[in-house]
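Summary of structural features
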Amino acid sequence: MELKRVVVTGLGAITPLGLNVDDTWNALLEGKSGCGPVTQFNAEKFKTQIACEVKGFDPMQYFEKKEVRKVDRYAQLGFAAVAEAIKDCGIDLETADKNRIGVVFSAGIGGLKTLHEEINAYNAEVGPRYNPFFIPKIIGDICAGQISIHYGFHGPNYGTVSACATSTHALLDAFNLLRLGKADMIVTGGAEAAICEPGVGGFNSMKALSTRNDDPTHASRPFSASRDGFVMGEGAGSLILETLEHAKARGAKIYGEVVGYGATCDAYHITAPHPEGEGGAACMAMAVRDAGITPDQVGYINAHGTSTHLNDAGETKAIKQTFGDHAYKMMVSSTKSMTGHLLGAAGAVEAIFTAMALKDEFIPATINYQEKDENCDLDIVANVGRKQELHYVMNNSLGFGGHNASLIFKKWGE
C-alpha cells in the first residue's frame, strides 16, 4: 500500500504570548516572556506564585453565555484555537465531505479547575449535588467531541493522553490516519488550563516548578545551569493536517509537509526521564528513519526543554546519541522559555512554532540562557533568534510516564 503524503494547511493558537498565531509568533520572534504573577487564584500559600497565563481571552466570542458555563477553560481555549485553524486553512465547509474530516484533539489533564471547584462546592452545600455538566466538563476528550458537533465532522474522533506528549501523539495519530487513507483532513492539536490550586500545588509538591517569584520573566531558562524547574503555562494549539491530494484539489496554501514520526517509552520511571536519554534517542531515530532521511539533514530541533535539570540533561544526551557529531552542528531551542510549559498542549503549540520556523526560516531563541551547563553543550540558540535556511526540522515531546514523541516536518516545495 502506498502511503499518502500529508501537509499542514491551517494553524491556530491561544497562548500566553497572544490570542492567535500571528501575535504569538511575533512575540516569540521578539523574545518576549509570557510569565508573570498568578492571577487566577491566590497563590500566596505556594512556593510557586508565577505562571504563564493566557491574558485577555473572552470565551463569549466563541460560545453563547449559557454555553460558557458548560465548558471548562481548557476546552474553551481549544475550541478557539481550532476556530482560527479552520478559518486559516480556507476550506469551504458548505461543500466539504464532512464524512472524511476527523478530529484528534487532546488534553493531558483536562478539566482540573472544574474538578477542584465542583468538589469544593459539593462539600460546602448542606444538600450536596454535583453540577450535571461536571463530568462532561472535566473529561479530556470532550473538546474533540465539541469540535465535531459544532462543525458536523463525522470522521475519526478521539483524544490521546500521554502527559506532556499528549498533543504530539494526537498529531502522530492524525498523520497516520491521513497517510493510511482513513480521512482527507484531520483537525488536531491540544489544549490545557491547569493553573489552579491543585495544578500548582501538585507540581510544587513534586518540586518540579520554578520558585523564582521575584523575577518571573526570567524564571523559565531551559538548558541554563541556573534553571530551577519549569513554569506552568496554559493555552491551545491546533493544526489542520490533510492529504496532499486533497489540499491540492482545493488550492490550499501549505505551511510544510509532515514526513516522519517516532513514538517510544523510556519504561524507566513515572516522572523522571531515562538518565542516558535512551527512550528519547530511540524516538528521534525512529522519526528520522520514518522520514526516509539521514540524521545530518535535520537542521533544527524545537526541544522539549522544560527547564528542569533532569529533562534538559537527558534530552541533550538523547540528541547526541541520535545525531552523533551532527548534534553540535544543528540548532536547538526551547520555546518554553517564553510560553512556559503548556503540558498537554505543549506539543501542538510547539509543532506550530516548528512549522513556522521552517516556513519563515527563522529559529526562535531560548531566552533567559545565562550560564552554560556542561551537560547541555549543544547549540542552544541563546537569547537571540537566528535567520537560517532550513529543509527538515524536528519537534520533541517527552512526557511523564516515559512517553516520547517526535515529529519531522519538511519545507514545502522541495
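So, here is what we can say about the structure in this document.

For an α-helix the count is 3.6 residues per turn, leaving residues at separations of three or four pointing the same way. Taken across its ten residues, helix 6 (residues 142-151) has seven buried, putting it largely inside the fold. Along helix 6, the residues that are buried comprise C143, A144, G145, Q146, I147, S148 and Y151. In the core, the buried residues of helix 6 are packed alongside helix 3 (73-89), strand 4 (101-106) and strand 5 (157-158). Once helix 6 finishes, G152 follows within two positions and takes phi at roughly 75°, a positive value.

What follows is about the layout of surface pockets. One number sums up the size of the largest pocket: a volume of about 420 Å³. Taken together, 25 residues form the lining of the largest pocket, with T271, P273, T308, N311 and F400 sitting closest to its centre. Broken down by secondary-structure element, the contributors of at least two residues to the lining of the largest pocket are helix 11 (309-323), strand 13 (392-399) and strand 14 (403-410). For the lining of the largest pocket, the element with the highest residue contribution is helix 11, accounting for three residues.

Looking now at the pairing of strand 9 (residues 298-302). For strand 9, the buried fraction is high: four of the five residues fall into the buried class. With four bridges joining them, strand 9 and strand 13 adopt parallel strand pairing. Along strand 13, the bridge assignment pairs N302 with N395. Of the strand pairs in this sheet, strand 9 and strand 10 (residues 331-333) are connected by three bridges, and their pairing is parallel. Looking across to strand 10, one finds that I301 is bridged to V332. Once the chain exits strand 9 it traverses helix 11 before rejoining the sheet at strand 10, and the crossover so formed is right-handed.

With that settled, the discussion passes to empty space enclosed by the protein. Inspection of every chain in the model, using the stated rule, returns one cavity of 30 Å³ or more. By volume, the largest cavity amounts to about 80 Å³. The wall of the largest cavity is formed by 13 residues, among which D266, P273, G277, G314 and L398 lie closest to the centre. In terms of residue count, helix 11 provides more of the lining of the largest cavity than any other element does, four residues in total. Its residues assigned to classes, the lining of the largest cavity shows three nonpolar, seven polar and three charged.

The next subject is the pattern of salt bridges. Inspection of the entire model under this criterion finds 19 salt bridges. Linking K32 and E30 is a salt bridge whose minimum nitrogen-to-oxygen distance equals 3.2 Å. With relative accessibility at 54%, the residue E30 sits in the exposed group. Its salt-bridge partner being D88, residue K253 comes within 2.8 Å of it at the nearest N-O pair. Of the two residues, K253 sits in the loop between helix 9 (244-249) and strand 8 (256-265) while D88 sits in helix 3, which places them 165 residues apart along the sequence.

In this section: the packing of helix 7 (residues 166-179) against helix 13 (residues 346-360). To characterise two packed helices, one gives the angle between the axes of the helices and the distance between these axes. In contact at an axis separation of 5 Å, helix 7 and helix 13 are set at 65° when each is read in the N-to-C sense. When the interaxial angle is binned, helix 7 and helix 13 end up roughly perpendicular. Between helix 7 and helix 13, the contacting residues are S167, T168 and L171 on the first element and A346, G347, A348 and A351 on the second. The residue inventory of the contact of helix 7 with helix 13, partitioned by class, reads four nonpolar, three polar and no charged.

The next point concerns the environment of T168. On the secondary structure map, T168 appears in helix 7. Looking at T168, the relative accessible area reads 0%, which means it is buried. Remark: the alpha-carbon pair of T168 and F105, spanning 63 residues in sequence, is separated by 10.0 Å. In this view, T168 contacts G347, N395, S397, A405 and S406; residues no more than four positions away in its chain are not counted.

Attention now goes to the environment of T160. Following the sequence through the fold, T160 ends up in the loop between strand 5 and helix 7. If near-sequence neighbours (up to four positions away) are discounted, T160 is found in contact with V104, S106, A107, T166, H169, A170 and D173. At 2.8 Å, the side chain of T160 forms a polar contact with the backbone oxygen of T166.

Time to look at the sheet that holds strand 13. An order of 5-4-6-7-1-8-14-13-9-10 is seen for the ten strands of this open sheet, with the pairing classed as mixed. With one partner strand each, in any of the chains shown, strand 5 and strand 10 form the two edges of the open sheet. Sitting on the sheet, helix 3 is in contact with strand 1 (6-14), strand 4, strand 6 (185-192) and strand 7 (235-243), with an inclination near 135° to strand 1. Packing of helix 11 onto the sheet brings it into contact with strand 9, strand 10 and strand 13, and relative to strand 13 it is tilted by some 135°.

What counts, and at which threshold
- Residues numbered from 1 in each chain as written.
- Predicted model: local features only at pLDDT ≥ 70, side-chain atom pairs only at ≥ 80, totals over all residues.
- Heavy atoms only, no water.
- Buried < 20%, exposed > 50% of the residue type's maximum accessible area, 1.4 Å probe, protein only.
- Helix = DSSP H or I, 4+ residues; strand = E, 2+ residues; numbered from the N terminus.
- Contact = heavy atoms within 4.5 Å.
- 1 Å grid on protein atoms, 1.4 Å probe; cavity = no way out; pocket = protein on both sides within 12 Å on 5 of 7 lines; lining within 4 Å.
- Points joined across faces, edges and corners; volume = space filled by probe spheres on them.
- Pairing = 2+ DSSP bridges.
- Right-handed = clockwise from strand over helix to strand, strands pointing away.
- Nonpolar A, V, L, I, M, F, W, Y, C, P; charged D, E, K, R; others polar.
- Salt bridge = Lys/Arg side-chain N within 4 Å of Asp/Glu carboxyl O.
- Axes fitted to C-alpha atoms, helices over the stretch in contact; angles between N-to-C directions.
- Parallel < 35°, antiparallel > 145°, perpendicular 65-115°, else oblique.
- Polar contact = N/O pair within 3.5 Å; in protein donor to acceptor, adjacent residues only side chain to side chain.

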